[in-house]
Amino acid sequence: MTRPSARSGSRASADRLARLLNLVPYLLARPGIEIAEAAGDLGVTERQLREDLELLWVCGLPGYGPGDLIDMAFDGDRVTITYDAGIDRPLRLTPDEALALVVALRMLAETPGVANRDAVERALAKIENAVGDLAGAPVAVRLAGDDERVRELRDAVQRGRALTITYYTAARDETSERVIDPLRMLSVEGRAYVEAWCRRAEAVRLFRADRIDAFTELDEVAAVPSQARRTDLTDGVFRPAPDLPLITLRVGRGGRWITEYYPCERVERGDGDRWLVSMRVTDLGWARRFVLGLGSDVTVVAPDELVEQVRAQAVAALDAYTDLPAPAVG
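Criteria and cut-off values
- Residues numbered from 1 in each chain as written.
- Predicted model: local features only at pLDDT ≥ 70, side-chain atom pairs only at ≥ 80, totals over all residues.
- Heavy atoms only, no water.
- Buried < 20%, exposed > 50% of the residue type's maximum accessible area, 1.4 Å probe, protein only.
- Helix = DSSP H or I, 4+ residues; strand = E, 2+ residues; numbered from the N terminus.
- Pairing = 2+ DSSP bridges.
- Lys, Arg positive; Asp, Glu negative; His and termini not counted.
- Salt bridge = Lys/Arg side-chain N within 4 Å of Asp/Glu carboxyl O.
- Contact = heavy atoms within 4.5 Å.
- Polar contact = N/O pair within 3.5 Å; in protein donor to acceptor, adjacent residues only side chain to side chain.

Is there a simple way to think about the pairing of strand S11 (residues 275-280) in this case?
Successive side chains on a regular strand alternate, one facing one side of the sheet and the next facing the other. Extensive coverage of S11 is indicated by the burial of 5 of its 6 residues. Strand direction decides the pairing type here: strand S9 (residues 246-251) and S11, joined by 6 bridges, are antiparallel. Bridged to Leu249 within S11 is Val277. Across 4 bridges, the pairing between strand S10 (residues 266-269) and S11 is antiparallel. Within S11, the residue paired with Glu268 across the bridge is Leu276.

Before we go on, may I ask you to explain the side chain of Arg256 in this structure?
By the secondary structure assignment, Arg256 is in the loop between S9 and helix H7 (258-261). Of the buried charged residues, Arg256 lacks a salt bridge, with Asp273 as the closest side chain of opposite charge at 4.3 Å. In this view, Arg256 contacts Val251, Asp273 and Trp275; residues no more than four positions away in its chain are not counted.

Quick question: what am I supposed to make of the environment of Ser176 here?
Structurally, the position occupied by Ser176 is in strand S5 (residues 174-188). Exposure remark for Ser176: the relative accessible area of 9% places this residue in the buried category. In this structure, the C-alpha to C-alpha distance between Ser176 and Ile165, residues 11 residues apart in sequence, is 8.2 Å. There is a polar contact of 2.8 Å between the side chain of Ser176 and the side chain of Arg178.

Here it is, written out as structure tokens:
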């Protein structure tokens, strides 16, 4: 059996002290509350709450006579504080605790797609005003990709109007214009997205904010069809499906990072330092650009169509260099 450390013991004692000091004002505001309900609100078991109440019974003002101790009355499974010994207010936030809350709330307020933003900003203002010294604290929270374009898109989505966007699709290496009916803004893995009904695709799509080259807010209200469903992002933005193309690459030591960054179906050790990596891709055009960008540390094994596409583009690139005029010799 592992003996609890002194640090863990002192931490548990500190947690219990904080809970006890907040318990009295909580019960004063709810006379006759059921112990089961109070335990649920406070996030403890009924047994732990009863033990806390027993400890409170022997706490109070200096002197610690019967008339100085916290007193309470029980009616079956209900409890009422009858004497609070002056402990009638909850703990105040320390400067460190208040600053942590300010940072967390400012980050939440800057997160695309967060619901009830007004409530977050009201809570932030309340904490800053209550603490005072933090109202002008030099704390600026900015999320990855949180630029002016993201804020403009977030405001447009909140106004609930349809948008015309110019969008770059990396998978097909093309730019298109389309009309979308926004559902919400999202922040996934550090990137901001607009989730919307795409009228051209007649389906819900995710549009990366940094790939929206331009947008125009239309006069018409966003009309999202009743059959539209929000995207399940439990497993991330890209969900490899069995019907997508499967590619196999021979990867050297310098390219192994792709097994951590992209979902792979199979990773096997090959000859020497080489690994065989199989993964699903949206289409072979994206795969071709992906492989060429990785350089000589990656070789395509399958499918044959991708092998030929990569070979042809590599040859074309080399031919372009051979057609350059020779430099003039002075």
